[in-house]
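What follows is each chain in one-letter form.
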Amino acid sequence: MVVTPPTRSAESHLVWAEQHSGTTVTMAVLNMKSAYWTSNVGSWTRHARHILSFGMLRKRQPAEAPAPVGRSGTANPGPSAGSKPTPFALIAFLAFVALYGVLGMSLSNAPLQDLPNHLARAHVISDLLFNHGHQFGATFSVALSFNPYLIGDLILAVLDRYVGATAAASLWICVAVLLLPFSVVFALKKQGVSNTAALTGGILSFYVATSWFFIMGFMNYQLALASAIFSYGWFLKAKASGNLQSYCGYLLVVFFSYALHLSSLIFISALVGILLLIDLIRRRVSFIRAAVLMACPVLLLALHFGFVAYSAPGNWPTSWGTLLTKLQRIGSPVGRFSPALDLLLLALFLVFALFPLFPRLQRSLWAELAPLVACAAVFLGIFFALPSYTGNIYSVDVRALPYALLFLVFAGVAAADKFAAATRVQLVLATVFATLNLVYVAYNVLPQNHDLGRYRAIAAAVPAGAHVLPINTRPDISRYRPFVHAGSFATVESGAITPYLFAADKDSAMAYFGYHSRDSGPDEYWDINYSPAGKAAGYGDHARVWHGIQQTYQYLLITVPWDRDRIPIPYTVVTSNEVAALLKVTKQ
């Protein structure tokens, strides 16, 4: 007689089998044990696959949000995320890419404050790496130990080697301007908005791409900002898709961001942390997946501060300032050429980006946009938490504010995308605004680019290897100082030695590059329009400073005009034009 076990679980089968005997029962027991182990092996296999894929299984789909309601009360959903962009949106975005690209390529004389200094350092590094230091080996050294910022110098050094400093400057500026809008479009697409809305966000971001950091020549920061936004897009992709390839892409972009600028890694860590915290609270992501995604920036931070961080002597004590000074500095990232116009443009930008956030939005849609607004608030909080300056680094706090502006754009664009009419209006406003910003930047920067070309012609007359002191007499254009580091072109054009290149002895970020012995001299912001006593500006005794200059330097490279009575040492004019003059110091 064959005994057939009742239908029950594998564990129940085992209990039942132990209560029976006989050959047939024994066979049944064996079959039940086999089923039990097969079931568990399949479960273990699924767990192993879960771990090997970094715990990134398909996320649980949230409940579908109710359709947004228009002014009339009827459903009015925006275009779907996969819809094709409107022809106007695509044409407008590509037109601005071309126009801003032409502007960037036209700035071949690097009329952005710190950029000539970076170009000169890259020119020296190029000689040290490719020519074995034939021209600059006696004055400078480079050590290729890993450090953030090194990758930017290496790219510039390669460009200097193969296309020359002039073309390198144009390409570097062009990429720094254009990379951010493309990163914004990419991130918005991964955020799930329509193509038209994503392109609208890209058009608005040209404003952030040409911010104060741009006119300061902080190209590494600008490139790292764009790379951080790409990291945000890859983070969203890895979190949503749950595959190893997306996680590897996220890892690589985060590392590249860090290699460009340390601040981007800090801000990526804050961004990923707040987004994962919100998702964990809402139960939209597993703890394992959140831990894996957070591990990437956290481990890089630990490696940096554990093994890479380098300390150099600092000139300034750490200072946070007061609440009032913080509030006054909150507009710093967009303060460029004219306080009144800068304030007007900032107000227009905020209105055009954020107007879709307020009318007609249901509470459910506010909940959907809450993570983006929270990210903007976190970056604003980081601004208040960070010091204004420390060591040799100034404007530490304001570096968080462009991230806040971009996440406000992400929130505003996502809100507009819920209403087709709002998307069209925002696109038109973004187009008008990007045009105004382009005209504003070009009007102020292009004349300085022309003048720097004339300056370079004088810098080329300095004899190779001569020690030259650059002196800037030109007034600032609000917060824009295009000639502060123009003297670095003497190194690029003729191989002369100036005392102001950013290097390890004064800037911890440049730990891989240094002078063998830097010439002494006044601060690079010192100019000939000092007070006669000199002490008020903090540069020491006037006569002693000029005596040291006479003993150390063979030439002065000075902007025009200058007051001859302000130079109390003998000299002769070697050559000059309407922008600059080269003076030979008479030794005594």
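Just so it is clear, the model here is predicted, and its values are computed rather than measured.

K.L.:
Just to check I follow, could you spell out the overall build of the protein chain for this structure?
P.N.:
Helix and strand content of the protein chain: 20 helices and 9 strands. Taken over 588 residues, the protein chain has a buried fraction of 51%. Taking as baseline every contact in the protein chain between residues at least 6 positions apart, the subset at least 24 positions apart corresponds to 76%. Element-wise, carbon and sulfur atoms account for 65% of the exposed surface of the protein chain, whose accessible area totals about 25800 Å².

K.L.:
It is not clear to me how the packing of aromatic side chains should be interpreted in this structure. Could you clarify?
P.N.:
Per the counting criterion, the structure on display carries 33 aromatic pairs. Summarising the aromatic geometry, the rings of Phe 140 and Tyr 515 are spaced 4.6 Å apart at their centres and angled 45 degrees between planes, so their arrangement reads as tilted. Placement of Phe 140 in strand S1 (residues 140-142) and of Tyr 515 in strand S6 (residues 513-515) is noted, with a sequence separation of 375 residues between them. A relative accessible area of 2% means that Phe 140 is categorised as buried. When its relative accessible area of 11% is taken as the criterion, Tyr 515 is described as buried.

K.L.:
It is not clear to me how the pattern of salt bridges should be interpreted in this structure. Could you clarify?
P.N.:
Between side chains of opposite charge, a pair can form as their charged atoms come close. Under the counting rule described, the total for this entry stands at 10 salt bridges. Of the charged contacts, one joins Arg 481 and Asp 476 as a salt bridge, the two residues approaching to 2.9 Å between their closest N and O atoms. Accessibility expressed as a relative area gives 39% for Asp 476, which makes it partly exposed.

K.L.:
Any chance you could explain the pairing of strand S8 (residues 571-576) here in plain terms?
P.N.:
Every other side chain in a regular strand lies on the same face of the sheet, so the side chains alternate between the two faces. Where S8 lies against strand S9 (residues 580-585), 5 bridges are found, and the strand directions are antiparallel. Bridged to Thr 575 within S9 is Leu 582. Adjacent in sequence and paired antiparallel, S8 and S9 are bridged by 3 residues.

K.L.:
Before we go on, may I ask you to explain the packing of helix H4 (residues 115-130) against helix H5 (residues 150-163) in this structure?
P.N.:
The geometry of a pair of packed helices is captured by two quantities: the angle between their axes and the separation between those axes. Remark: H4 packs on H5, axes separated minimally by 8 Å, with the N-to-C direction vectors making an angle of 75 degrees. The orientation of H4 relative to H5 falls into the category roughly perpendicular. For the pair formed by H4 and H5, the contact residues are His 118, Leu 119, Arg 121, Ala 122, His 123, Ile 125, Ser 126, Leu 129 and Phe 130 on the first element and Asp 153, Leu 154, Leu 156, Ala 157, Val 158, Asp 160 and Arg 161 on the second. For the contact of H4 with H5, the per-class residue count stands at 9 nonpolar, 3 polar and 4 charged.

K.L.:
How should the environment of Asn 195 be read in this particular structure?
P.N.:
Relative to the assigned elements, Asn 195 resides in helix H7 (residues 195-204). Once the C-alpha coordinates of Asn 195 and Ala 89 are considered, the two residues, 106 residues apart in sequence, prove to be 8.6 Å apart. Side chain to side chain, Asn 195 and Lys 189 meet in a polar contact 2.9 Å long.

Calculation rules
- Every residue gets a number counted from 1 within its own chain, in the order that chain's sequence is written.
- Two thresholds apply to this predicted model, a pLDDT of at least 70 for residue-level local features and 80 or more for giving and counting side-chain atom pairs, whereas whole-chain, interface and lining totals are computed over all residues.
- Excluded from the side-chain calculations are hydrogens and water; all other atoms, namely the structure's heavy atoms, are used.
- Numbering of helices and strands starts at the N terminus; helices are DSSP runs of H or I of at least 4 residues and strands are runs of E of at least 2.
- Remark: exposure states derive from per-residue accessible area (1.4 Å probe, protein chains only) relative to the maximum for the residue type, with buried under 20%, exposed over 50%, and partly exposed in between.
- Contact definition: two residues touch when any of their heavy atoms are within 4.5 Å.
- Areas reported here follow the Shrake-Rupley algorithm with a probe of radius 1.4 Å; residue values treat only the protein chains shown as occluding.
- Stacked, tilted and edge-to-face are the three classes assigned to paired rings of Phe, Tyr and Trp, where Trp is represented by its six-membered ring and a pair needs centres within 6.5 Å; plane angles under 30 degrees give stacked, over 60 edge-to-face, the rest tilted.
- The term salt bridge refers to a side-chain nitrogen of Lys or Arg lying within 4 Å of a carboxyl oxygen of Asp or Glu.
- Pairs of strands are assigned from DSSP output, requiring at least two bridges between the strands.
- The axes are straight lines fitted to the C-alpha atoms, using for helices just the contacting stretch, and the angles between their N-to-C directions are given from 0 to 180°.
- Angle categories: roughly parallel below 35 degrees, roughly antiparallel above 145, roughly perpendicular from 65 to 115, and oblique for all the rest.
- Residues were grouped as follows: Ala, Val, Leu, Ile, Met, Phe, Trp, Tyr, Cys and Pro as nonpolar; Asp, Glu, Lys and Arg as charged; and all remaining residues, including Gly, as polar.
- The definition of a polar contact used here is a pair of N or O atoms within 3.5 Å, where within protein one atom must be able to donate a hydrogen and the other to accept one, and adjacent residues in sequence count solely through side-chain atom pairs.

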